[in-house]
Amino acid sequence: KFRPIPGTERLFAVDTVLIAVGLSPVNELLQKANAYGIEAYAAGDAEEIAEASAAIFSGKIIGRKIAQSMGMDIPIPSNWVGFGELLKHHAGASEPFRPIELNTPVYPLIRCMQEIPCNPCIEACPNKCITMPGSILALPEFSAECIGCGSCVLACPGLAINLVINDYDAKKEKALLLMPYEFVNDLIPLGQTVTTTDMEGRVVGAGKVIAYKTKESQNCRRLLLLEVPTKDKMTVAGFRIREIDEGQALASAAGEEADPIVCRCERVRKSEIVREIRAGVRDMNQLKARTRAGLGGCNGKTCTELILRLFREEGVALAEITMPTQRPLVAEVHLGDFIAKGIEENR
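Residue positions are given per chain, counting from 1 as you read along its sequence in written order. Selection of residues for local features in this predicted model requires a pLDDT of at least 70, selection of side-chain atom pairs for listing and counting requires 80 or more, and totals for whole chains, interfaces and linings are taken over all residues. Side-chain numbers here rest on the full set of heavy atoms in the structure, without hydrogens or water.

## Let's talk about helix 7 (residues 284-291)
Phase 1 of the analysis: In this scheme, a residue with accessible area under 20% of its type's maximum is buried, one over 50% is exposed, and one in between is partly exposed, where area comes from a 1.4 Å probe on protein chains only. Comment: elements are numbered from the N terminus, with helices defined as DSSP H or I runs of at least four residues and strands as E runs of at least two. Buried within helix 7 are the following residues: M284, L287, K288 and T291. One side of helix 7 holds all its buried residues, which, seen down the axis, span an arc of 105°. For helix 7, the exposed residues set more than 90 degrees away from the buried face come down to A289 and R290.
Phase 2 of the analysis: Residues count as neighbours in contact if any of their non-hydrogen atoms are within 4.5 Å of one another. Against the buried residues of helix 7 lie strand 13 (268-269), helix 6 (270-278) and helix 8 (304-313).
Phase 3 of the analysis: Two to three positions downstream of the cap, the backbone nitrogen of N285 sits 2.7 Å from a side-chain oxygen, assigning the N-cap of helix 7 to D283.
Phase 4 of the analysis: R292 lies just past helix 7 and shows a positive phi near 75°. Taking the helix axis as origin, the arc is that swept by the directions to the C-beta atoms. By the criterion applied in these results, polar contacts are pairs of N or O atoms within 3.5 Å in which, for protein atoms, one can donate a hydrogen and the other can accept it, and in which residues neighboring in sequence qualify only through two side-chain atoms.

## Here's the deal with the environment of I100
Phase 1 of the analysis: In this structure, I100 sits in the loop between helix 3 (80-87) and strand 2 (106-110).
Phase 2 of the analysis: For the pair I100 and I188, spaced 88 residues apart in sequence, the C-alpha separation works out to 30 Å.
Phase 3 of the analysis: Beyond its immediate chain neighbours, meaning those up to four positions away, I100 contacts Y107 and M234.

## Focus: the sheet that holds strand 6 (residues 174-181)
Phase 1 of the analysis: Pairing between strands is defined by DSSP: at least two bridges between them are needed. With respect to topology, seven strands assemble into an open sheet ordered 2-5-6-9-8-7-10, the strand pairing being antiparallel. Of all strands in the sheet, those with a lone pairing partner are strand 2 and strand 10 (238-239), marking the two edges.
Phase 2 of the analysis: The pairing of strand 5 (residues 161-165) with strand 6 spans three bridges and is classified as antiparallel. By the bridge assignment, L163 is partnered in strand 6 with L178.

Take a look at the structure:
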């Protein structure tokens, strides 16, 4: 119910935190333009939050529409609109992973289990070994003969493909896995043993780093060759670069930890907003006037979602809340510019 569970807080020693907790459309200027009858076009996140590929493709369509509105004879292929909508498609059905072991020298193990609009593996494979029957939403299937280039491993945005190399050990006791790797090479020296894990992060066993492979076309992702027992080759999906840190129990938050800043522009803390909510404020515009939350340069883009979360934590349904009036900034103008203009006109 969006309320913190007491006693579950943990303390970790970290130097970087990556957060992905939802997105808000960047459509304030578009809404105002539409409200005043100004011709405006939207693409990407201003139109709809979707995958990056959908945003890019919608930009291609809108760019041509703008050109047409200017009198240019630039056609929009008939299949583009439908394909663009397909790219925006939300995740569909999921299927359990069923690994298929093959006797070929090398083959991809594709751990893609949910219907999503994604096909880089098909585009990357030079031998056309991977197909998607039906549409771009289908789960990829492997056929034909894999040449072991690793292009699909490099291309998969979900790090969901490994190559299984069978003919590594004459005794068939060991196998090689070609896996995606996105850290610096010296983090795991060659020959080092690492803890291997399955798709859920559970420990499978151990593997040894044999080699790193790089391609000029990839400056962020490499390929890593991992030696594993043959019995583990179908189960291993990843490995640990360090052991899990369970953290420490956090007895109680104090000071700024207990009262974090919600509106960064105006430095408004959680306690100030919660006080107004408990006093009965349900209008975000009123909340802005009383606390200055949302009055800063970002026009509430950063803090609005956080404030809505505080409403939910306090047990207030979103249906009871009046959303803020948007006044998007096209360009910030210094007050001094207005003063200088006034002085010039009065001379």
